[in-house]
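Survey of secondary and tertiary structure
Residue-level listing of the chains:
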Amino acid sequence: MRQKIVAGNWKMNGQLQQVIQLSNELRELLNPIHNVQVIVMPPAIYIPQVRNVLAGCKIEIGAQNIYPKDFGAYTGEISAPMLKDYNCRYVLVGHSERRHCFHEDENFVAQKFHHVKEHDMIPVLCVGETLEERESGRTEQVIAKQILAVSENDKQCFRDCIVAYEPVWAIGTGKTALPEQAQEVHQFIRKLIAEINHSDAERLPLLYGGSVNENNAEALFAMPDVDGGLVGGASLNAKQFVEIVKCIN
């Protein structure tokens, strides 16, 4: 059975006291919830504080970004060994904001993806199409390109990883793909990966991201190929995030 996962991407939000308060609230509210892996991805500067608050509980910590080198003259960047010092197990790669705002191309995303795996961490590969790409009927073409870019040199690369489908047109806009639309794309992703490695496709958790909230999560998570969610803005409110997590059950 595929693992159920709900991850909260805090993006560039919060300051120290807010982050500590949010972490404490999540620790308390999520303690009785089982059968789902919860991950929080705070801004990198606050990872140590979040780790301290969440020590001993089942919530895992992830990072929003990484640079694909262990060390060196890369001003402002963060390495995998640095993240591992603070028990970060998951790393976002290929998020649309990195692709579009910071112009990260498929080759660079693939480098990050494999670098994370080389350090025994779990990459959360984000894929998705823009509104223009969807309206022109190129959703599958765009997502296939994003998926195949990371598998080009390693046909077993989808073992011990996560793929998150985030339609760019639904991120932070309040628009959400209909459950049937999400299922259609998730089914396409799983079928595509099965052509690369069937057993990995069967085990691969596929998350939906794109304005997930407590009102639409239950219907989204009920889809057979939707194994959870990558939550943005709603993850900054502990009670709202917990209600989303409850929908997975």
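Residues numbered from 1 in each chain as written. Predicted model: local features only at pLDDT ≥ 70, side-chain atom pairs only at ≥ 80, totals over all residues. Heavy atoms only, no water.

This is how the line gets drawn: UniProt positions are given in the numbering used here, feature names are shortened, and annotations may be inferred rather than shown by experiment.
As recorded in an unreviewed UniProt entry, the protein goes by Triosephosphate isomerase and comes from Fluoribacter dumoffii. A UniProt comment under Subunit (unreviewed entry) is attached to the protein, and it reads "Homodimer."

**With respect to the overall build of the protein**
Applicable threshold: Think of it this way: any DSSP run of H or I at least four residues long counts as a helix, any run of E at least two long counts as a strand, and we number them from the N terminus. The buried label applies to any residue whose accessible area, calculated with a 1.4 Å probe on protein chains only, is under 20% of its type's maximum; exposed applies above 50%, and partly exposed to all values in between. Whether two residues are in contact is decided by their heavy atoms, any of which lying within 4.5 Å being enough. Per-residue and other accessible areas were derived by the Shrake-Rupley procedure at a 1.4 Å probe size, with only the shown protein chains allowed to occlude residues. Positive charges come from Lys and Arg, negative ones from Asp and Glu, while His and the chain ends are left out of the count. To locate a charge, take atom NZ for lysine, CZ for arginine, CG for aspartate or CD for glutamate.
Within the protein, the regular secondary structure consists of eleven helices and eight strands. Taken along the three principal axes of its C-alpha coordinates, the protein extends 45 × 45 × 35 Å. A total of 249 residues make up the protein; the buried ones form 51% of that total. Taking the intrachain contacts of the protein between residues at least 6 apart in sequence as the baseline, contacts between residues at least 24 apart amount to 71%. For the protein, the exposed area adds up to about 11,900 Å²; of that, 48% sits on carbon and sulfur atoms. Counting 24 positive and 31 negative side-chain charges, the protein places the centres of these two groups 3 Å from one another.

**Describing the pattern of salt bridges**
Put simply, the test is: Note on definitions: salt bridges are taken to be side-chain nitrogens of Lys or Arg within 4 Å of carboxyl oxygens of Asp or Glu.
Following the criterion strictly, the structure yields 14 salt bridges and no others. For Asp227, the salt bridge is made with Arg2, and the minimal N-O distance between the two is 3.0 Å. One end of the pair, Asp227, is in the loop between α10 (217-221) and β8 (228-231); the other, Arg2, is in the segment before β1 (5-9), with 225 residues separating them in the sequence. What makes Asp227 buried here is its relative accessible area of 1%.

**Structural notes on the UniProt feature "binding site: substrate" (unreviewed entry) in the protein**
For clarity, the cut-off: Here a cavity means grid points, on a 1 Å grid over the protein atoms only, where a 1.4 Å probe fits yet cannot get out; a pocket means an open set of points with protein on both sides within 12 Å along at least five of seven lines; lining residues are those with an atom within 4 Å of a point. For the purposes of these results, a polar contact is taken to be a pair of N or O atoms within 3.5 Å, where, inside protein, one atom must be able to donate a hydrogen and its partner to accept one; residues adjacent in sequence count only when each atom of the pair is a side-chain atom.
Per the UniProt entry, the sites bearing "binding site: substrate" (unreviewed entry) are Asn9, Trp10, Lys11, Gly172, Ser211, Gly232 and Gly233 in this numbering. A stretch of 225 residues holds the annotated residues, and the largest C-alpha distance among them is 13.7 Å, short enough that they meet in one place. When only the residues just named are considered, the largest pocket is lined by Asn9 and Lys11. By the element assignment, Trp10 lies in the loop between β1 and α1 (16-30). The residue Ser211 is located in the loop between β7 (206-208) and α10 in this model. When near neighbours in sequence (up to four residues on either side) are disregarded, Ser211 contacts Ala170, Ile171, Gly172, Thr173, Gly174, Lys175, Thr176 and Asn216. Polar side-chain contacts of Ser211 include one of 2.6 Å to the backbone oxygen of Ala170.

**Quick look at the UniProt feature "active site" (unreviewed entry) in the protein**
Those places that UniProt annotates as "active site" (unreviewed entry) correspond, in this numbering, to His95 and Glu166. Taken together, the annotated residues stretch across 72 residues yet fold into one region, lying no more than 8.2 Å apart by C-alpha. Of the annotated set, the members that line the largest cavity are His95 and Glu166. Locating His95 in the fold gives a position in the loop between β4 (88-93) and α4 (96-101). Overall, the relative accessible area of 4% leaves His95 in the buried class. Setting aside residues up to four positions removed in sequence, His95 forms contacts with Asn9, Lys11, Cys126, Glu166 and Ile171. Within the fold, Glu166 resides in the loop between β6 (162-165) and α8 (179-196). With residues up to four places along the chain from it excluded, the contact list for Glu166 reads His95, Cys126, Val127, Gly128, Glu129, Ile171, Gly209, Gly210 and Leu230. Among the polar contacts made by the side chain of Glu166, one reaches the side chain of His95 at a distance of 3.0 Å.

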